[in-house]
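Below are the chains, spelled out letter by letter.
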Amino acid sequence: MNKLSVLAAGAALAVAAAAPAQAGKTLDAVKQRGQLICGVSQGTAGFSRPNNQGAWEGLDVDFCRAVAVAILGDASKVRYVSTTAAQRFPALQSGEVDMLSRTTTATLTRDTVNGFNFAPVTFYDGQGFMVPKKLGVKSAKELNGATVCVSPGTTTELNLADYFRAQKMQFKPVVIEKVDEIRSAYFSGRCDVYTTDASGLASLRAVDAPNPEDHVILPEIISKEPLAPTVRHGDEEFADIVRWSVYATIEAEELGISSKNLEQMLKSEDPAIKRFVGVTPGNGKALGVDEKWAYNIIKQVGNYGEIFERNVGKGTPLKLERGLNDLWTRGGLQYAQPFR
Amino acid sequence: MAVQYGGRPAGGTHWRLSWNDRNVRSIVYQIAALAAVVAGVWYFVDNTLENLRRLGLASGFGFMDREAAFPIGESLIDYTPADTYARALLVGVINTLYVSAIGIILATVLGTVIGIARLSRNWLIAKLASVYVEMTRNTPLLLQLFFWYMIFLELLPPARQALQPVPDVFLSNRGVRFPVPAAADGWSLMGAGVVIGVVGAMILSSWSRRRQAATGQQFPVVWAGLAAIVGCGVVGWLLGGAPTALDRPALRGFNFSGGVEVSPEFVALLLGLVIYTAAFVAEIVRGGILAISQGQTEAASALGLKRGMILRLVILPQALRVIIPPITSQYLNLTKNSSLAVAIGFPDLVHLANTAINQTGQAIEGIAIIMAVYLTISLSISLFMNWYNRRVALVER
Ligand SMILES: N[C@@H](CCC(=O)N[C@@H](CS)C(=O)NCC(=O)O)C(=O)O
């Protein structure tokens, strides 16, 4: 509910006002606390949602875990803070969370005026529309006059307005912050259409819909949504660690290293693999973390392909294709910068 | 020095610069306090600016005339995503004022009725009224808002199976749609006629009051006033060609078009605010009536006034004096509580300012705007109610 985001924004104000200026302190704070505080979403299956035991799971969650491994050596040393789309930025700005891994699209405004930096993209996505099958709609171009459910404070609501303007169509938005409320508004028929990132639609349809068969996702993808972990300006060392933790999962997949074959890889003669797993030291020192950091990430969290398949891949209810999220060597966009 | 402190002989205000002089002490204290406040404010402002610079955050209100680009569900003024942030926020201010104003009127009416009902000699009515008060007063407002919103979403049918309680009135989980007179000259002329009638009724009422004061003769001012208003309205309507065409809602495509729609978000918010606040108003009204001594009622019935007239002519005018100060704070509460709108998606000021904060990253400016607007609304309500309070107080004695 939005009172919270007012509070969060108020907290941002209070912190900005009260804390004397300090730079590069996120990393120190994480180490001192012995815990990473990671802002995640409210509950999107496959990305971040608590399981039956109450443990957070998902693709976004796994990147929080990877960063915790790099800094603290232990994937379980994370405290998850559930945020609505509107609360997430004040929470990050105010220091309530160390980073966001929360289906957050990297954009120019967020990178600049919001004062954030984005790690490499962990999921290439795009915005889509879902409608009840019984409406008989086949294309987004037929949505003139529709009522559309959308969350505030997102790129989604901006793209939605842009799309209808460009198509010269009318629509009526229903805008609610809490994801449970906006979902039940859609499922009760208050809206004709639900719009969010295509991955979020797949998750909503497969896991939250009372009957997945009753809903269709329209073919049009109306935007680019490169979802990436987010940190605030002012701590470059921490930003570097987050960036390279993401790359580590991709690099491992490129090198053919997975949590299954990791132990054999320790004996590899390939210089790139020896550098990656820390047999040849240097990378860890350069980042200011343990030389085994990348080895530990793969051991505790897995490589990018394993993370993808475990959370959103073919064997999960979401059944997503790798598509753009495949390695560049296989026609996708995932590409790690060199580990040297 | 015009100010005299106790113990000093009048006229003998000579200044001694001594710590024993209470004037000197108090001035020193005041300067010290002022310096502390200024230093505190300066510390916070300086730190804020410094931290914003460090985080690389832009500040200032420059964003206000940039394109907002986000859609708004309901607005009393024209708005499209191509408009500016300033206009988007204005939509929010107007929506907040709109729901608060209607809420205050309805909560006052409902609360007065319930408050009087609690004092009813009829056991059932009194009991029902107190059950109402206890139930609504003792559950959180947010919960009640969700409750009303869920009633709309879950119990009412989708648009295509909308209920039609009265012909051309449609009730669905998209809200309430009802027909309105189609735009025509006759309606504007009727509006003008009604305005003229209202002015006439006001003149009539002040004339009749003066005449009654002077001669004691009564004049049926209520009926005459009503006749003036209705009569002038009808004349205007006839002059405008007596239009009768209605703009009727009809199902077209996804939604109804035509007529006027009231959204479930608005209705749920209004219902929640009115029903919750009315319980507090009822208690205040009941307390106000009980504060008037029983002797007045007895005296009035001795004069032969009926119960309804005693209430209207003797009790309520005096009770108002007791009622108005606490009811003012209920009005303020209702206005501030309207910001819970965000939970059910009504685009009030807080909702839209939050969106603006998110899309621009200007949290401090956004919060400052919210605070300034609520402060202005609250102070205006207080000023108006204080003025009204003085007026009733004067009339009473
Ligand atoms: N990628 C978009 C939207 C991301 C987003 O959080 N969307 C909301 C609205 S549907 C969401 O997925 N919430 C799900 C949750 O909180 O679990 C952005 O960065 O603005």
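Computed from a prediction, not measured in an experiment: that's the story for all the values here.

Quick notes on the rules
Residues numbered from 1 in each chain as written. Chains lettered and ligands numbered in written order. Predicted model: local features only at pLDDT ≥ 70, side-chain atom pairs only at ≥ 80, totals over all residues. Heavy atoms only, no water. Salt bridge = Lys/Arg side-chain N within 4 Å of Asp/Glu carboxyl O. Helix = DSSP H or I, 4+ residues; strand = E, 2+ residues; numbered from the N terminus. Buried < 20%, exposed > 50% of the residue type's maximum accessible area, 1.4 Å probe, protein only. Core = buried A, V, L, I, M, F, W, Y, C linked by side-chain atoms within 4.5 Å. Contact = heavy atoms within 4.5 Å. Axes fitted to C-alpha atoms, helices over the stretch in contact; angles between N-to-C directions. Parallel < 35°, antiparallel > 145°, perpendicular 65-115°, else oblique. Nonpolar A, V, L, I, M, F, W, Y, C, P; charged D, E, K, R; others polar. Disulfide = S-S within 2.5 Å. Pairing = 2+ DSSP bridges.

A. Examining the pattern of salt bridges more closely. Residue and element names in this part refer to chain A. On inspection of all chains with the given rule, the structure shows 22 salt bridges over all chains. With its nearest N and O atoms 2.9 Å apart, the salt bridge here joins Glu253 to Arg330. Highlighted residues: Glu253 in helix H9 (residues 236-255) and Arg330 in the segment after helix H14 (304-311), separated in sequence by 77 residues. Classification of Glu253 as buried rests on a relative accessible area of 13%.

B. Inspection of the nonpolar core at higher detail. Ranked by size, the top nonpolar core spans 70 residues in total, and within it Cys149 and Tyr194 of chain A together with Phe70, Tyr149 and Leu269 of chain B carry the most contacts. Here the element with the most residues in this core is helix H7 (residues 264-290) of chain B; it accounts for 11 residues. Setting aside anything within four residues of it in sequence, one finds Tyr194 of chain A in contact with Gly128, Phe129, Met130, Cys149, Val179, Ile182, Arg183, Tyr186, Leu201 and Leu204 of chain A. Counting residues in each nonpolar core, the second largest holds 58 residues, with Leu36, Ala66, Ala239 and Phe308 of chain A among its members.

C. Inspection of the packing of helix H2 (residues 25-33) of chain A against H9 of chain A at higher detail. Residues and elements named next belong to chain A. Where H2 contacts H9, the two axes come as close as 6 Å, and the packing angle between them is 70°. Accordingly, the angle class assigned to the pair H2 and H9 is roughly perpendicular. For the pair H2 and H9, contact is made by Thr26, Leu27 and Val30 and by Glu237, Phe238 and Ile241, respectively. Partitioned by chemical class, the residues of the contact of H2 with H9 number 4 nonpolar, 1 polar and 1 charged.

D. Representation of the state of the cysteines. Residues and elements named next belong to chain A. For the structure shown, the criterion picks out 2 disulfides over all chains. The side chain of Cys149 participates in a disulfide bridge whose partner is Cys191; the two sulfur atoms lie 2.0 Å from each other. Note on the Cys149 and Cys191 pair: the S-S dihedral is about 70°, so by sign convention the disulfide is right-handed. In this pair, Cys149 sits in strand S9 (residues 146-150) while Cys191 sits in the loop between helix H7 (179-187) and strand S11 (193-197), placing the two residues 42 residues apart along the sequence. According to the relative accessible area criterion, Cys149 is buried, its value standing at 0%. According to the relative accessible area criterion, Cys191 is buried, its value standing at 2%. Regarding the disulfides, chain A carries the connectivity 1-2, 3-4 under sequence-order numbering of its bonded cysteines.

E. Layout of the sheet that holds strand S1 (residues 163-166) of chain B. All names here are of chain B. Spatially, 4 strands are ordered S1-S2-S3-S8 in an open sheet, and the strand pairing comes out antiparallel. Edge positions in the open sheet fall to S1 and strand S8 (260-262), since each of these has one partner strand only. The mean inter-strand angle of the sheet, taken between neighbouring strand axes irrespective of direction, is 25°. Note: S1 against strand S2 (residues 169-172), 2 bridges, orientation antiparallel. Opposite Val166, over in S2, you have Val169 as the bridge partner.

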